Amino acid sequence: MMGDKMYNPFNKNISEIKYEDLEKLIENNISEGWFMEYKGSFPNNKKIANSIASFANSEGGWYIIGIEEKENEANPYEIVGFDLQTNRKPDDKITNIVKDNIDPIPYFKSQIVEIPENKVVLIVQVFENHNPPYISNGSVYIRVGETSKPLAIDDRYQFDKLLNKRENYRKKVNSFMDNKFFFENSYTQPYLEFYVYLDNPKDILFENFYSEEFFHEFKENFNSKVQLLEEDVDFSASINFDNAHSSVDSYILRHIYDNHPLHTGLTLELFKEGHMKLIFPFTVYDESTLNNNYVSLIFHDCFISEEYDNLRIINLAESMFAFHIILTQYIVKNLTFKNVFRQPFIKE
């Protein structure tokens, strides 16, 4: 489903790695270096954080606990693993180490691989991240060969390189959010634009994005019902998008029905990187279209002066309900979209 451009000695998704793949690291003599680091057992928390931060500040890499190196060499020698009884929930441990020691938190994945003798190996895949510098224990670490080195305070070249990477990413985000939906000149209905930009260092999230199967799955996913409350409460809902088409790098769903096709109704646009744009036109009410209950509450109580007789009311709750449905569909409903909604940039 997802394609990674970073160095990958396994040539497969981290979730698919098996014991046999670890053996190939030794057979193929995949040594430590810019993208690999092996540990026979858990070092102290600070050293783990420093290594992960160095990969995030550089070009990403793999941090593997449970493989010994040859003495005085950087080559993997033996898959020793560790006991889960001694090191409980090692993936949670890594997550907590990163949270407690690195700021900001970089993007990474972890996977436990079972090996013989009831032991496991922990693999941490750290991506080249977009928001450097990632500071670990008060210092900025980068990858230098097979080691993680703190940057010297006067190393302006490396600091500027990291800051430029962050600035270029910010420009990319702002450019994405500056794109506008098409409106004809006569369009006067108020609306809310909502942008979701994944803080995800991968260029393409959906590897099969341009396939016919994905397009059909995309339409089905965002037209299906989702459960909005607790499981013991039967409350599900959906939005019926009746128009679907593609652009160069996105798919677009629109709610048109009886409206003119050029009148932009509720619109969803999904990009191959996983980003999403939403537009929510507001339903507008005035004194002639509100029902009697709302009129009595809004227009004729003592809190509204006569100068606001022509006040128009927008139904914000209606749009937020639609927004809740769409995000739930995006995150939960289908495995294709599950677990990809992470630390978004949001702009109204």
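None of the values given here were measured: they were computed from a predicted structure.

A. Region of the structure containing the overall build of the chain. Within the chain one finds seven helices and 20 strands. Look at the contacts in the chain between residues 6 or more apart in sequence, and 67% of them connect residues 24 or more apart. When the accessible surface of the chain is summed, it comes to about 19300 Å², and 47% of that surface belongs to carbon and sulfur atoms.

B. Representation of helix H5 (residues 212-221) within the structure. Inspection of H5 places Phe 214, Phe 215, Phe 218 and Asn 221 among the buried residues, and these make up the whole buried set. The buried residues of H5 all sit within an arc of 135 degrees when viewed along its axis, so they share a single face. Residues of H5 that are exposed and point over 90 degrees away from its buried face: Glu 212, Glu 213 and Glu 220.

C. Summary view of the sheet that holds strand S1 (residues 36-39). Overall, mixed pairing links the four strands, which are arranged S1-S2-S7-S6 in an open sheet. Only two strands of the sheet have a single partner each, and these edge strands are S1 and strand S6 (108-115). Between one strand axis and the next, the sheet turns through 15 degrees on average, direction left out of account. The pairing of S6 with strand S7 (residues 119-126) spans eight bridges and is antiparallel. Directly across from Glu 114, in S7, lies its bridge partner Val 120. Those strands touched by helix H2 (residues 45-57) are S1, strand S2 (61-65) and S7, and its axis lies near 160 degrees from that of S2. Contacts from helix H3 (residues 90-101) reach S2, S6 and S7, with the element oriented near 155 degrees to S6.

D. View of the packing of aromatic side chains. Here the structure, examined in full by the defined rule, presents 17 aromatic pairs. A ring pair is formed by Tyr 107 and Phe 127, whose centres lie 5.0 Å apart and whose planes are at 40 degrees; its orientation type is tilted. Of this pair, Tyr 107 sits in the loop between strand S5 (102-103) and S6 while Phe 127 sits in the loop between S7 and strand S8 (135-136), placing them 20 residues apart in sequence. Residue Tyr 107 is classed as buried on the basis of its relative accessible area of 10%. Both rings, one in Phe 176 and one in Phe 271, keep their centres 5.1 Å apart while their planes meet at 70 degrees; by these two values the pair is edge-to-face.

E. Here's a closer look at helix H1 (residues 19-27). For H1, every residue scored as buried is listed here: Asp 21, Leu 22 and Leu 25. Burial along H1 is one-sided: seen end-on, the buried residues are contained in an arc of 105 degrees. Those residues of H1 hidden inside the fold are in contact with S1, S2, strand S3 (67-69), strand S4 (76-79), S6 and S7. Immediately beyond the C-terminal end of H1, within one or two residues, lies Asn 29, with a positive phi of roughly 55 degrees.

F. Quick look at the pairing of strand S17 (residues 276-281). Burial analysis of S17 places six of its six residues in the buried class, the great majority of the element. A two-sided burial pattern is seen for S17, the buried positions comprising Met 276, Leu 278 and Phe 280 on one face and Lys 277, Ile 279 and Pro 281 on the other. The pairing of strand S16 (residues 267-271) with S17 spans four bridges and is antiparallel. When the bridges of S17 are listed, Glu 269 appears paired with Lys 277.

G. Structural view of the pattern of salt bridges. If you walk through the whole model with that rule in mind, you get seven salt bridges. Across the salt bridge formed by Lys 12 and Asp 21, the nearest N and O atoms sit 3.2 Å from each other. Overall, the relative accessible area of 9% leaves Asp 21 in the buried class. One salt bridge connects Glu 128 with Lys 165, and the closest N-O pair in it is separated by 3.0 Å. One end of the pair, Glu 128, is in the loop between S7 and S8; the other, Lys 165, is in helix H4 (residues 156-178), and 37 residues separate them in sequence. Because the salt bridges share partners, they merge into one network encompassing Glu 37, Lys 39 and Arg 143.

H. Just the sheet that holds S5, in detail. Read across the open sheet, the four strands follow the order S5-S8-S9-S10; overall the sheet is antiparallel. Where the open sheet ends on each side, the last strands, each with one partner, are S5 and strand S10 (147-150). Both S5 and S8 contribute to a ladder of two bridges, which runs antiparallel. Bridge pairing in S8 places Asp 103 opposite Ile 135. In the packing of H2 onto the sheet, contacts are made with S5, S8, strand S9 (139-144) and S10, and the angle to S9 comes to roughly 70 degrees.

Rules used in this analysis
- Here the residue numbers are simple positions, counted from 1 along each chain's written sequence.
- Owing to the predicted nature of the model, reporting of local features is limited to residues with pLDDT of at least 70; listing and counting of side-chain atom pairs is limited to 80 or more, with chain, interface and lining totals taken over all residues.
- Hydrogen atoms and water are omitted, and side-chain values are computed over all heavy atoms in the structure.
- Secondary structure elements are taken from DSSP: a helix is a run of H or I of four residues or more, a strand is a run of E of two residues or more, and numbering for both begins at the N terminus.
- Note on definitions: a residue-residue contact is assigned when non-hydrogen atoms from the two residues lie within 4.5 Å.
- Accessibility throughout is a Shrake-Rupley quantity obtained with a 1.4 Å probe, and a residue counts as covered only by protein chains that appear here.
- When accessible area is computed with a 1.4 Å probe and restricted to protein chains, residues below 20% of their type maximum are described as buried, those above 50% as exposed, and intermediate ones as partly exposed.
- This arc is built from the directions going out from the helix axis to the C-beta atoms.
- Strands pair, by our definition, only if DSSP identifies at least two bridges between them.
- With axes taken as lines fitted to C-alpha atoms, and helix axes fitted only over the stretch in contact, angles between N-to-C directions fall between 0 and 180 degrees.
- Note on aromatic contacts: the rings of Phe and Tyr and the six-membered ring of Trp form a pair at centre separations within 6.5 Å, being stacked when their planes are under 30 degrees apart, edge-to-face when over 60 apart, and tilted otherwise.
- By definition here, a salt bridge exists when the distance from a side-chain nitrogen of Lys or Arg to a carboxyl oxygen of Asp or Glu is within 4 Å.

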